[in-house]
Amino acid sequence: MDGYRASVEDALFTLYQVAGFERVAALPDFAEVTPDVVDALLREAARMCTEVIAPLNAPSDRQGARWHPDGVAFPDGYGEAWRVLSEGGWIGLPVASEFGGQAMPLSLFNVLAEWVPAASLAFAQTLTLTSSAIEALTEHASPELQARFIPKLAGGEWTGTMNLTEPQAGSDVGALTTRAIPQADGTYLIKGQKIYITSGEHDMTDNIVHLVLARIDGAPAGTRGISLFIVPKRRVLSDGSLGPSNDVRCTSIEEKLGIHGSSTCVMAYGDADACEGLLVGEPHRGMAAMFTMMNAARVHVGLQGLGCAERAYQGALQWAQDRVQGVPVGTSGGARPIIEHPDVRRMLMDMRVKIEAARAICYRAGVALDLSQRHPEAAVRAEEKGVIDLLTPMAKAYSTDIGCEVASEAVQVFGGMGFVEETGAAQIYRDVRITPIYEGTNGIQAWDLANRKLRMRGGELWRAELDRLRAEATELETSSLASLAPPLRAAADRVQAVAEWCLERHDISPRDVAGGSVPFLRMFSETVAARLMASAARRSGDSNREVLARYFIERHLPLSLARGPAIMKGADDLFALNLPAIQR
C-alpha cells in the first residue's frame, strides 16, 4: 500500500463549490487571500504532508512512543517533522499576526487539519491539541497571558494539551477532584492527577503548556465550580523565558489499540507541592473556556476521521486497480483487476460518497466559523453562528463514524491482505477507532444535537437548514439533476417530523429522545450533506460530481431516512430486556 497523497483538487472543489469559501475570501480581513494564494498554499501543504509526514506513519506505529522515568521519547522523525511544520508557519496559519501568526482563514487551516491526520493520525495529535489550546487562550486568557504563551505555541516552540479527564471523572467532568489552592502572589498551587492526556509528555519541544481544569478550594460542587489554569511543564517567567521545572510529571503512558506513536499520558500535578497554575479568565468559568477548546477540537477530530477515511480509500482504490483475481460477473475471458467486480466497485463507491459527504460538512463548518467571527454584518454573523452550532456535532460524529466504516470497508477490499499489517490497511482501522470516542463521544454529540441544538433559538437553527434544503430542491428542478428534487424534499419532511417529535417528547420522556439521538444525528447529517453535494454538482456542471451526488442521494440517503420510524418508537424497548449481571 503506497503512502497517502493529499489532493489539492478535492480540497479546492469542496472549499469553493461546496463550502462557499469565496464568501470568506471576500471579507476585508482576507483581501490578500486570492485563488492563486490559496492554490499555492495548499500545494505546499500537500507536499509537506505527502513527503514529510506520511512516510512516518507505518514506522512510528511499529516503534511507538516510549516512556522512561525522565519523560517520553516520540518515534524517530517526529521532531524533524514538527520542525518543518513549525518553521513553515503552519501551526500559526490562522493565528493573529500580533502573536506571530499568518492571520489566514480558519477554513484553510481545516484543510491542513484533514491532511496531517491522513498522513499520520498519531503525529497529528500534537497539532490538534496545540491549535485548540491557542483557540482557548485567544478567547479567554488575559492580554498578559496571551502575549506570554500564544506566540510560542503558534510558532511551534511549545505545544499544548487539554487536561479534563480523571480516573473517576470521564464524561462527567463535574466529578473532578484536582485542587487549585490560592497563593499570596496570585498564582495557584495545583494538586491532582489527570489521565488520557494526549501529548502530555514528549521530546519534540522544551516546554508543554497544559490547560488544566481544577477546582479552587471552596468552590461549588459540579461544573459550576471548575476553573481553567495554564500549568506549563516548565515555569514561564514574565519576560517569556523558561524557569525551573513546574512539578509536573508523566507517570506512565497507555498501551493502546492504535495511534501508537502518540503519547497518551497519566499526568501528576503537585506531588512536591510546587506546581504553579495561572488562572485563565474568571474563577469558576473554566468550563466555558474549555468548551472553546473542545469545540475547536471537535471539528478537528471530525477532520481526523475524514482524513483517515481518505487514506484508507486511496489504498483500497490502488489495490483494487492492481490486484488481479477472478473473472468479473457479466464478462468473459481471463482474470481481471478486482475493481471490475461489481461488489468491489460498490464498496469503493460507498467509501467515496461517505468521504465526500463528511468533507462537505466539515469544510462548510469551517467557512461558517470564519463568517461568524469576521463578517461585517451582524445578521450574517448570527446566521453563520447558527450554522456552526448545528454542524459541530455533525462534523465530529458523522465524520468519525464514516472514518471507521470506510477503514473497515478498505480492509474488506484488501481481503486477507487487509487483515495483516503488511499493507497498512489494518493500521488505519486501528488508529481511526479512537476518533468517535475522544473529545466527547459520538453519543454525547448526538444528544447535544437532539437536545440543545434542536431547542436553540426556539428551533431556528434546524428549521433554517431545512429551508435551505427545500430551496435547493427547487433549484434542482430546472437542472440535469431534477430527479433529485423529490428525495431531497422527502428528506426535509422526514427530518422535520422526527425533530418535532423530539421536541414534543422532551417534555414527556427525554429518555425517548436520547434513545434515538444517534440515528437522528446520522439522518440529519446525511440530509445536510445531500444538499451540499447536490448544490455543488448542479453549480459546477462536473459530471463526476453529479454521479456522486446522485449515488449518495438515491442509495444512501434513503437508508438514513428509514431510521425515522424506529427513532420515534422511543426508548422503552431499550430497557425492557432483563440483562442479569454475569456471574464471576
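Higher on the page you've got the structure.
Right, let's walk through the structure included here. (Residues numbered from 1 in each chain as written. Predicted model: local features only at pLDDT ≥ 70, side-chain atom pairs only at ≥ 80, totals over all residues. Heavy atoms only, no water.)

1. Here we look at the overall build of the protein chain
We apply this condition: Per the convention used, a helix needs a DSSP run of H or I reaching at least four residues, while a strand needs a run of E reaching at least two, with both numbered from the N terminus. Each residue is placed in one exposure class: buried if its accessible area under a 1.4 Å probe, protein chains only, is under 20% of its type's maximum, exposed if it is over 50%, and partly exposed if it falls in between. Every residue pair with non-hydrogen atoms within 4.5 Å of one another is taken to be in contact. Accessible surface area values rest on a Shrake-Rupley calculation with a 1.4 Å probe, where residue burial reflects the displayed protein chains alone. Positive charges come from Lys and Arg alone, negative charges from Asp and Glu alone, with His and the N- and C-terminal ends not counted. To locate a charge, take NZ of a lysine, CZ of an arginine, CG of an aspartate or CD of a glutamate.
A tally of regular secondary structure across the protein chain gives 21 helices and twelve strands. Dimensions of the protein chain, computed from C-alpha atoms along their principal axes, come out at roughly 80 × 65 × 55 Å. Here the protein chain holds 584 residues, and the buried ones make up 58% of them. Contacts spanning at least 24 positions in sequence make up 74% of the contacts within the protein chain whose residues lie at least 6 apart. Accessible area of the protein chain: about 23300 Å², with a carbon and sulfur share of 52%. Within the protein chain, the 72 negative side-chain charges are centred at a point lying 4 Å from the centre of the 57 positive side-chain charges.

2. Points about the environment of Ala113
Tracing the backbone through its elements, the reader meets Ala113 in helix H6 (residues 106-119). Exposure remark for Ala113: the relative accessible area of 8% places this residue in the buried category. In the structure, Ala113 is positioned 189 residues away from Gly302 in sequence and 9.3 Å away in space, judged by C-alpha atoms. Setting aside its immediate chain neighbours within four residues, Ala113 contacts His300, Leu303 and Gln304.

3. Re the packing of helix H1 (residues 8-18) against helix H18 (residues 517-540)
Cut-off, in case you're wondering: The axes are straight lines fitted to the C-alpha atoms, using for helices just the contacting stretch, and the angles between their N-to-C directions are given from 0 to 180°. Working rule for angles: under 35 degrees goes down as roughly parallel, over 145 as roughly antiparallel, 65 to 115 as roughly perpendicular, anything else as oblique. Residue polarity follows a fixed list, in which Ala, Val, Leu, Ile, Met, Phe, Trp, Tyr, Cys and Pro are nonpolar, Asp, Glu, Lys and Arg are charged, and the others, Gly among them, are polar.
Where H1 contacts H18, the axes come no closer than 9 Å and their chain directions differ by 95°. When the interaxial angle is binned, H1 and H18 end up roughly perpendicular. Residues Phe13, Gln17 and Val18 of H1 form the contact with H18, whose participating residues are Leu532, Ala536, Arg539 and Ser540. In terms of residue class, the contact of H1 with H18 is made up of four nonpolar, two polar and one charged.

4. Brief notes about the environment of Gln125
Selection criterion: The term polar contact refers here to a pair of N or O atoms within 3.5 Å; inside protein, the definition further demands a hydrogen-donor-capable atom paired with an acceptor-capable atom, and it admits residues adjacent in sequence only when both atoms are side-chain atoms.
As for its position among the elements, Gln125 is in helix H7 (residues 121-140). Distance in space between the C-alpha atoms of Gln125 and Arg336 is 41 Å, their sequence separation being 211 residues. Excluding residues that lie within four positions of it along the chain, Gln125 makes contacts with Thr198, Ser199, Ile259, Ser262, Gln304 and Tyr438. Of the polar contacts made by the side chain of Gln125, one reaches the side chain of Tyr438; its length is 3.1 Å.

5. Topic: the pairing of strand S12 (residues 276-280)
The following threshold applies: Between any two strands, pairing holds if DSSP finds at least two bridges.
With four of five residues buried, S12 lies mostly within the body of the structure. Relative to S12, strand S5 (residues 188-198) runs antiparallel, the two sharing two bridges. Looking across to S12, one finds that Leu189 is bridged to Glu276. Inspection of the sheet shows strand S7 (residues 226-232) paired to S12 by three bridges, in the antiparallel sense. Following the sheet pairing, Leu228 is matched in S12 by Val280.

Just distances and angles here, no functional claims.
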